[in-house]
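Chain and residue survey
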Amino acid sequence: MSIALTLKGLFSSQQTNEWLMQKYVISSDSDALSKLYENCQKDLYHFLLVSANAELAAEISQRTWLRVIEKKHLYQTDGRFIAWLFTLGRNQLIDEYRRSSKWCDADMDIDTLVSDKELVPESSSDKLVSMLQELPFAQREAFSLQQEGFGLQEISTITHSPIETVKSRLRYARQSLRKALENSYE
Amino acid sequence: MSEVDKPLDDKLSELYQEHKQKTHVPRYLKHQVMVTAKRANKKQTKVWQSTTWLSAFATIAVLAILVNMSFIRKGTVDRFDELATNPPKRAFAINIVHRLESEAPILTAKEQREQKLEKIYQDYQRRKLAYTVHRQETAELVAVSDGWSLKTCDEQVVQISPKLVSLFVDWERIESDIALGDQVDIAFDEQGRITKISRITELAHC
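All residue numbers refer to positions counted from 1 along the written sequence of the respective chain. Whichever chain is written first becomes A and whichever ligand is written first becomes 1, with later ones labelled in order. Totals for whole chains, interfaces and linings use all residues, but because this is a predicted model, local features are given only for residues with pLDDT of at least 70 and pairs of side-chain atoms are given and counted only at 80 or more.

Description of the overall build of chain A
Helix and strand content of chain A: 9 helices and 0 strands. Under the scheme used here, helices are H or I runs from DSSP no shorter than 4 residues and strands are E runs no shorter than 2 residues, and both carry numbers assigned from the N terminus. Mapped in sequence order, the helices and strands of chain A form the string α-α-α-α-α-α-α-α-α. Across the 186 residues in chain A, those meeting the buried criterion constitute 35%. Throughout, a pair of residues is in contact if the C-beta atoms placed from their backbones lie within 7 Å. Sequence separation of 24 or more characterises 58% of the internal contacts of chain A that already satisfy a separation of 6 or more. Around each residue's C-beta, the other C-beta atoms within 10 Å are counted; 20 or more make the residue buried, 12 or fewer make it exposed, and counts in between make it partly exposed. All C-beta atoms are placed from the backbone.

Topic: the nonpolar core
Nonpolar cores are identified as sets of buried Ala, Val, Leu, Ile, Met, Phe, Trp, Tyr and Cys residues joined via C-beta atoms within 7 Å. Ranked by size, the top nonpolar core spans 47 residues in total, and within it A:Leu36, A:Leu44, A:Leu48, A:Leu85, A:Phe86 and A:Ala142 carry the most contacts. When residues in this core are grouped by element, the largest group, 11 residues, is from helix H3 (residues 30–51) of chain A. In this view, A:Leu85 contacts A:Cys40, A:Leu44, A:Thr64 and A:Val68; residues no more than four positions away in its chain are not counted. Judged by nonpolar contacts, the second largest core, of 6 residues, contains B:Ala139, B:Leu150, B:Ile174 and B:Ile197.

Describing the sheet that holds strand S5 (residues 194–199) of chain B
For sheets, the rule is that strands pair by backbone hydrogen bonds, running either parallel or antiparallel. All names here are of chain B. Following DSSP output, two strands are said to pair if at least two bridges run between them. Taken in spatial order, the 5 strands of this open sheet run S3-S2-S1-S4-S5, and their pairing is antiparallel. Of all the strands in the sheet, just strand S3 (157–160) and S5 have a single pairing partner and so form its edges. Direction aside, the axes of adjacent strands within the sheet are offset by 35° on average. Pairing of strand S4 (residues 183–188) with S5, which is carried by 5 bridges, proceeds in the antiparallel orientation. Here, axes are lines fitted to C-alpha atoms. For helices the fit covers the stretch in contact, and angles between N-to-C directions go from 0 to 180 degrees.

Structural notes on the interface of chain A and chain B
Many structure descriptions define interface size as the accessible area lost when the parts assemble. Taken together, the contact between chain A and chain B spans 25 residues of the former and 24 residues of the latter. A total of 9 residues in the side of chain A that touches chain B trace back to one element, the largest contributor, which is H3(A). Taken together, the residues that form the side of chain A that touches chain B break down as 12 nonpolar, 8 polar and 5 charged. For this classification, Asp, Glu, Lys and Arg are treated as charged, while Ala, Val, Leu, Ile, Met, Phe, Trp, Tyr, Cys and Pro are nonpolar and the rest, including Gly, are polar.

With respect to the confidence of the model for chain B
Close inspection of predicted coordinates is inappropriate for parts of the model with low pLDDT. Residue and element names in this part refer to chain B. Confidence per residue, as judged by the predictor, is encoded in pLDDT with a range of 0 to 100. Averaged over chain B, the pLDDT score is 78; the fraction of residues at 70 or greater is 81%. Per-element confidence in chain B is highest for helix H1 (residues 6–22), whose mean pLDDT is 88, and lowest for helix H3 (residues 109–128), whose mean pLDDT is 79. Counting interchain partners and residues more than four positions distant, the pLDDT-below-50 stretch residues 92–100 has 1 contact. Scoring the predicted complex yields pTM 0.55 and, for the interface, ipTM 0.81.

Observations regarding the packing of H3(A) against helix H7 (residues 137–147) of chain A
Residue and element names in this part refer to chain A. Direction vectors running N to C along H3 and H7 enclose 155°, while the axes themselves pass 10 Å from each other. Put simply, H3 runs roughly antiparallel to H7. Both H3 and H7 take part in a crossing whose hand is right-handed. The segment H3 lies against H7, with Phe47, Val50 and Ser51 engaging Phe137, Arg140, Glu141 and Ser144. Here the contact of H3 with H7 is built from residues that sort into 3 nonpolar, 2 polar and 2 charged. Note on angle classes: values under 35 degrees are labelled roughly parallel, values over 145 roughly antiparallel, values of 65 to 115 roughly perpendicular, and the remainder oblique. Take the far helix as your reference; a near helix turned counterclockwise from it by less than a right angle gives a left-handed crossing, and one turned clockwise gives a right-handed crossing.

Considering unusual backbone geometry
The phi dihedral of A:Ser28 is positive, around 55°, even though this residue is not glycine. With a phi close to 65°, B:Glu155 is a non-glycine residue in the positive phi region.

Concerning the environment of A:Leu88
All names here are of chain A. Mapped onto the elements of the fold, Leu88 is located in helix H5 (residues 81–99). Given 21 C-beta atoms within a 10 Å radius, Leu88 is considered buried. Distance in space between the C-alpha atoms of Leu88 and Thr64 is 5.9 Å, their sequence separation being 24 residues. Setting aside its immediate chain neighbours within four residues, Leu88 contacts Thr64, Arg67 and Val68.

Some remarks on the packing of H3(A) against H5(A)
All names here are of chain A. Packing of H3 against H5 brings their axes to within 11 Å, and their N-to-C directions diverge by 35°. The handedness of the crossing between H3 and H5 comes out as right-handed. Where H3 approaches H5, its residues Cys40, Asp43, Leu44, Phe47, Leu48 and Ser51 are matched on the opposing element by Ile82, Leu85, Phe86, Gly89 and Leu93. Split into classes, the residues belonging to the contact of H3 with H5 amount to 8 nonpolar, 2 polar and 1 charged.

Looking at helix H8 (residues 152–159) of chain A
Residue and element names in this part refer to chain A. Listed as buried for H8 are Glu154, Ile155, Ile158 and Thr159. One side of H8 carries all its buried residues, which in axial view fall inside an arc of 120°. On its buried face, H8 sits against H5, H7 and helix H9 (163–185). Looking one or two residues past H8, His160 carries a phi angle of roughly 55°, positive in sign. By definition, the arc is the one covered by directions from the helix axis to the C-beta atoms.

Digging into the environment of B:Gly181
Residue and element names in this part refer to chain B. With respect to the helices and strands, Gly181 occurs in the loop between helix H4 (162–170) and S4. Among the residues examined, Gly181 registers 9 C-beta atoms within 10 Å and is labelled exposed. On a C-alpha basis, the gap between Gly181 and Val144 in space is 10.0 Å, while along the polypeptide they are 37 residues apart. Excluding anything up to four places from it in sequence, Gly181 contacts Glu140 and Leu141.

Overview of the pairing of strand S1 (residues 135–143) of chain B
The two faces of a sheet get side chains in turn, since along a regular strand they alternate between them. All names here are of chain B. Note: S1 against S4, 6 bridges, orientation antiparallel. Paired with Gln136 across the two strands is Ala187, which belongs to S4. Between S1 and strand S2 (residues 148–152), which follow one another and run antiparallel, lie 4 residues, and Gly147 among them has a positive phi close to 75°.

Next comes the structure, spelled out in structure tokens:
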């Protein structure tokens, strides 16, 4: 596998995230991890920042990368690395919500989770962030994941939800955001 | 997504990317992640090295055992081969012979006589060690008709029966070329028994 990976890297003009992750899994190469971090950290951090404040987003993103280091042997090569990274990040965020008093009932449906003023950015004057604050957590994360470039199947995998549910969340999220955007123009 | 909604959706995407562009990831996060990664790598290397050494030691031990077993087996096979091709030339002493009475060889009358003679001879051989020469006397062979008659220097006649002469001849106790009138030496043992008669070539000295 190592030889095949090396040959693939030699003949490939661009080192993909999947190639870098495989290299890191095999050789624990710090450079490979560093490049992965550079390629993916901003996407992850921004995704988390949409659902949490800056401090928590930083904390969760750090925990997520530590999970990547710890659980690298569990990485499956059949999917995109960034989808696996977002899955780990999203799980960490949900765990944090469950640990805190923000989400007391562990069995509570994620669709019922509403934005908390303490979890979302407080000082942001960004128009979109203000609109996202008004959305339920599930719709907000579905919209955010779509904006990060994930397809329906990937969003379904990351959020552990059926595709139809994902479609539904995205539809409601867009309706709400359009309405909010129209209102902001008036 | 309808055509009416498309401008709004495009605007939403634009706002999202705009917000993302303005976001800056804290630099300290990477430092902490990389430090943790290096620490984990070092720990893993130590574990790997320990495992490697342990595996190497176990492999050597197993190989040593296998080689040893192979040598033992080869040695055993070689020994069997050697025994098969070159059986040991060691003679085993038979201490006791078990034999049925019927298995005893049946001897003819001639064989029985020979056996008896052989037994007598062996008895004589056992005793002859005691027949050491004790004294010698010079004599002259004076008669050979009925055994030998030997006349000693002190005028005594020693008569030797024909059977004893015959035995002495057989046992080479009498020189074969002794003729009538020859001077001889008669050797006696401690008991006074004749042990040997030999011819004297010099002139008689009685």
